[in-house]
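Residue-level structural notes
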Amino acid sequence: MIITMDIETIGTENPDAIADLAKGITPPGNISKAETIAAWEADKKPGLIEEVVKKTSFDGGLGRIVCIGWAINDGEPECAYHDPSLSTDATIVSAFFTAIKEAVKIHYHGGDTKETPVFIGHNISGFDLRFLWQRAVVNKLKPPSAIPFNVKPWEKSIADTMLMWNPEREKRTSLDKLCRILGVPTSKGGMDGGMVWDYYKAGRFAEIAEYCKGDVIAVRECYRRMAFL
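Since this is a predicted model, take the numbers as computed values, not measurements.

A count of helical and extended segments in the chain gives 9 helices and 5 strands. The order of α-helices and β-strands along the chain, N terminus first, is β-α-α-α-β-β-α-β-α-β-α-α-α-α. The principal-axis extent of the C-alpha atoms belonging to the chain is close to 70 × 40 × 30 Å. In the chain, which comprises 229 residues, the proportion classed as buried is 44%. Counting contacts in the chain only where the partners sit at least 6 residues apart, residues at least 24 apart contribute 74% of the total. Here the chain has roughly 12500 Å² of accessible surface; of this, 53% comes from carbon and sulfur atoms.

With that settled, consider helix H4 (residues 90-107). With 18 residues, H4 should reach 26 Å at 1.5 Å per residue; the first-to-last C-alpha distance of 26 Å fits that figure. Along H4, the residues that are buried comprise Ala90, Ile92, Val93, Phe96, Phe97, Ala99, Ile100, Ala103 and Val104. Elements that come into contact with the buried residues of H4 comprise strand S1 (2-10), strand S2 (64-72), strand S3 (78-81), strand S4 (118-121) and helix H5 (124-138). Phi for histidine 109, located one or two positions after H4, is positive at around 55 degrees.

On to the state of the cysteines. If you walk through the whole model with that rule in mind, you get 0 disulfides. The thiol sulfur of cysteine 67 is not disulfide-bonded, and the nearest other cysteine sulfur, from cysteine 79, lies at 3.1 Å. Left without a disulfide partner, cysteine 212 is nearest to the cysteine sulfur of cysteine 67, which lies 3.7 Å away. Judged by relative accessible area, cysteine 212 falls into the buried class, the value being 0%.

About the criteria used
- Counting of residues starts from 1 at the beginning of each chain's written sequence and follows it residue by residue.
- Per-residue local features are limited, in this predicted model, to residues with pLDDT of at least 70; the limit for side-chain atom pairs, both in listing and counting, is 80 or more; totals at the level of whole chains, interfaces and linings are taken over all residues.
- Computation of side-chain values covers all heavy atoms of the structure but excludes hydrogens and water.
- Runs of H or I in DSSP of at least four residues are treated as helices and runs of E of at least two as strands, each being numbered from the N terminus.
- Relative accessibility under 20% of the residue-type maximum defines a buried residue, over 50% an exposed one, and the middle range a partly exposed one, all with a 1.4 Å probe and only protein chains included.
- Residue contacts are counted whenever heavy atoms from the two residues lie within 4.5 Å of one another.
- In this description, accessible areas are obtained by the Shrake-Rupley approach with a 1.4 Å probe, and a residue is regarded as covered only by the protein chains that are shown.
- A helix is expected to reach a length of 1.5 Å times the quantity of its residues less one.
- Two cysteine sulfurs form what is called a disulfide whenever their separation falls within 2.5 Å.

As structure tokens, then:
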């Protein structure tokens, strides 16, 4: 059983967390006059705060998941994503966990087996699984035992397409570049991962979901190519 997955994340929206981050942003050392500092805080600081907040999209303790896409074997990708009725990512993570539990139960005829699925993703070992586990802890959600948290990248329960192509840190490649190398249709068209925050703020949740599902399809095809399937 093969499960291909991808997550989309955004930075924190917690006012207290943002306030704490803002405290760490201070005027340049060459600014000393009160009026100059006031002008800097009015003109420059808001943009700097937003940049720092955006970076928390890589931190599972502060950022959150707005979309999880997955596909079971050769099936069409499915998705759980934010909509105006969801105020946290707990519902998204819970929906994914439920889907995985059901898929494993069906595939392994009730789960009475020592076999486990193989989870596939691009940078899944370095990012997706760690972030997902952290959000599960924060939201007090117990993950399915089938999800291979805390495994080594070379273990059989995981296939990271980024590391499959080249495991050397300085030679790791993006999914878009890998797709172009392998001649696989890329999911990076009018949108890329760096635009998720802006799409989210604009309420374009369904478009984020479609983008995420496109990543799932692209990752699965890259995996097939590299695994000679």
